[in-house]
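Breakdown of the fold
Chain by chain, the residues run as shown.
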Amino acid sequence: MAKSTHNSLLITIFFVITVISISSPFSFASQPFKFTRAPRFPKKLSHQTPPLQQQQQQYRYDTRYFSQRLDHFSFADHPSFSQRYLINTEHWVGPNRLGPIFLYCGNEGDIEWFADNTGFVWELAPTFGAMVLFPEHRYYGESVPYGSQEEAYKNATTLSYLTAEQALADFAVLITDLKRNLSAEACPVVLFGGSYGGMLAAWMRLKYPHIAIGALASSAPILQFEDIVPQETFYNIVSNDFKRESTSCFNAIKESWGELISVGLKENGLIELTKTFRLCGVLKKTDDLADWLDSAYSYLAMVDYPYPSEFMMPLPGYPIREVCKKIDSGPESISILERIFQGVSVYYNYTGKVDCFELDDDPHGLDGWNWQACTEMVMPMSSDRDASMFPTYDYNYSSFEEECWRDFKVIPRPQWITTQFGGHDIKSVLKLFGSNIIFSNGLLDPWSGGSVLQNVSETIVALVTEEGAHHIDLRPSTSEDPDWLKEQRATEIKLIEGWLNSYYQRKKATFNM
């Protein structure tokens, strides 16, 4: 997040990786930074006001509210809350023609931001005569229980209803009630979702097969739990994204962590780092700066799109390439940290309008994903010595548990997601019990390592692109889309059409494109 005289630069707030500070210089040097929580999905914190250009609605929709139960799985007398949802029926052919309903499973943030960044769904609606529905995830945006974020985020008791299971139940209740009111009970529902929303879309298809006939789960790391995938996968992919552009860039970043420690330990070293990285306030500890750099590298890998975008920040096409150009082209007279600063400035200050940088992007602590990560979304990650450009560290569950207890007075349940939704032996399980799910991934996206990358059956399909980044297929189409992206979307459309045709045939109806 950057402070600037131009408010328009406050585009997106994004996830922070918590760093544990190590006081001993010797232990600090041997294992410089120890990241205890996984990197986070791109999203916009709901408590921040969008910049002016983001407030301009790209797509037409009505904003409505639905009264939801706080707890779907008990009969206790809890207060209800208003769930916001966005709806467009402009192209819907209606219940008599069994017009489909395209439902995007809301992520961990303001639903309007996701709606504005999911152009694929809006572009499909006229072709299929579909209604478009974007329900907001509970505890985010305006869909906050207890009347305010302050009360909802107050403690572990009020936060206890922030779970994926409750969110899926919200979606199921909302769509069931909406269809009943529109006499559209027979209209098929197709689910869409990217990132955490993609996980929800896949899980909802499995948990509520009677409600949705299929799901497109883009960049959905449903296997990033327990010991299903190697813990070093995420950071290895980020590192490979940089190495593929420039080995010298990769090596410079890898070397910079030690230099960061060395400068930080000097007398007035934190002041020197403050000046080098143009921070708004004096750096308190090197961990905070390392966290800021780690966030930039991770997000650059996620949004390494082949064309300019403003999904996270205003960025050029293939932004990692531009970052490495800055790092590699710096004169020998400047330090490695100065070259690193020039590189990350592509991410944090591509427009050149930023005056200084603020490291704390969530000063009020109202980040619901921290709670989710400390309860059920436990994604173990580590960084190995050879393949990763990040500091070497091993995942330490005990430290993670201590941090979650300190922050929320809660003990994580690392086995709960796989108990509830599955994950182990995924190919055999999905082949026996699942159908009509598309798992789409780009291999530049570090979250792809925790997703399904091989076809499971004829109806559970993995679409994998070498050059794709984080749910690029769901983004609006542009004149700069490469051929492989156009082909990927064409395949997705064909599969969705097949789901609908099969449904209509069973209903003895005719579907015309």
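It should be noted that the structure appears before, not after, this text.
In short, a report on the structure. (Residues numbered from 1 in each chain as written. Predicted model: local features only at pLDDT ≥ 70, side-chain atom pairs only at ≥ 80, totals over all residues. Heavy atoms only, no water.)

Considering the packing of helix α9 (residues 233-245) against helix α13 (residues 319-329)
For clarity, the cut-off: With axes taken as lines fitted to C-alpha atoms, and helix axes fitted only over the stretch in contact, angles between N-to-C directions fall between 0 and 180 degrees. Helix and strand definitions follow DSSP, with helices as H or I runs of at least four residues and strands as E runs of at least two, each counted in order from the N terminus. Left-handed is the label given to a crossing in which the near helix is rotated counterclockwise from the far helix by less than a right angle, and right-handed is the label when the rotation is clockwise. Any two residues whose heavy atoms approach within 4.5 Å are treated as being in contact. Gly is put with the polar residues, along with every residue not named as nonpolar or charged; the nonpolar set is Ala, Val, Leu, Ile, Met, Phe, Trp, Tyr, Cys and Pro, and the charged set is Asp, Glu, Lys and Arg.
Viewed as axis vectors pointing N to C, α9 and α13 meet at an angle of 65 degrees, and their least axial separation amounts to 9 Å. Where α9 crosses over α13, the two elements pack in a sense that is right-handed. Contact residues: α9 offers Asp-241, Phe-242 and Glu-245, while α13 offers Ile-320, Arg-321, Val-323 and Cys-324. For the contact of α9 with α13, the per-class residue count stands at four nonpolar, no polar and three charged.

Observations regarding the pairing of strand β7 (residues 131-135)
Where a strand is regular, its side chains alternate between the two sheet faces. Test applied: Partly exposed describes any residue whose relative accessible area lies between the buried limit of under 20% and the exposed limit of over 50%, with all areas from a 1.4 Å probe on protein chains only and scaled to the type maximum. Strand pairing is assigned whenever DSSP identifies at least 2 bridges connecting the two strands.
Counting buried residues in β7 gives five out of five residues, a clear majority hidden from the surface. A two-sided burial pattern is seen for β7, the buried positions comprising Met-131, Leu-133 and Pro-135 on one face and Val-132 and Phe-134 on the other. Inspection of the sheet shows strand β5 (residues 81-88) paired to β7 by four bridges, in the antiparallel sense. For Tyr-85, the partnering residue across the bridge sits in β7 and is Pro-135. The pairing of strand β6 (residues 101-104) with β7 spans three bridges and is parallel.

Overview of the pairing of strand β11 (residues 437-442)
With six of six residues buried, β11 lies mostly within the body of the structure. Neither face of β11 is open: one carries Ile-437, Phe-439 and Asn-441, the other Ile-438, Ser-440 and Gly-442, and all of them are buried. Inspection of the sheet shows β11 paired to strand β12 (residues 460-465) by six bridges, in the parallel sense. In the sheet register, Phe-439 faces β12, and the bridge partner there is Ala-462.

A few points about the state of the cysteines
Throughout this description, disulfide means a covalent bond between two cysteine sulfur atoms. This is how the line gets drawn: Pairs of cysteine sulfur atoms within 2.5 Å are identified as disulfides in what follows.
Under the criterion given, the structure shown has three disulfides. For Cys-280, the disulfide goes to Cys-356, at an S-S distance of 2.1 Å. Around the S-S axis, the bridge from Cys-280 to Cys-356 shows a dihedral of about 100 degrees and counts as right-handed. Taken together, the residues span a long stretch of sequence, with Cys-280 in the loop between α11 (269-276) and α12 (286-302) and Cys-356 in strand β10 (residues 356-357) at a distance of 76 residues. Cysteine pairing in the protein follows 1-3, 2-4, 5-6, where each cysteine in a disulfide is numbered by its order in the sequence.

Considering the environment of Tyr-393
Along the chain, Tyr-393 turns up in the loop between α15 (368-375) and α16 (397-408). For Tyr-393, a relative accessible area of 2% corresponds to the buried category. As for Tyr-393 and Glu-232, which are separated by 161 residues in sequence, their C-alpha atoms are 9.6 Å apart.

Concerning the packing of aromatic side chains
What counts here: When two rings of Phe, Tyr or Trp (its six-membered ring) have centres within 6.5 Å they constitute a pair, described as stacked for plane angles under 30 degrees, edge-to-face for angles over 60, and tilted for the intermediate range.
For the coordinates displayed, the defined rule picks out 33 aromatic pairs. When the centroid spacing of 6.1 Å and the interplanar angle of 50 degrees are considered together, the rings of Tyr-397 and Phe-400 count as tilted. Remark: Phe-400 and Tyr-397 occur in helix α16; sequence separation between them is three residues, near one turn of the helix. Given the relative accessible area of 28%, Tyr-397 is considered partly exposed. Put simply, the rings of Tyr-59, Tyr-61, Tyr-104, Trp-113, Phe-114, Trp-122, Phe-134 and Phe-311 pair up and form one aromatic cluster.

What to know about unusual backbone geometry
Positive phi, normally seen in glycine, also occurs at Tyr-318, with a value near 45 degrees. Tyr-318 sits in the buried class, given a relative accessible area of 16%. Here the phi dihedral of His-471 falls at roughly 30 degrees; this positive angle occurs in a residue that is not glycine. Among the secondary structure elements, His-471 is positioned in the loop between β12 and α19 (483-506). Residue His-471 is classed as buried on the basis of its relative accessible area of 7%.

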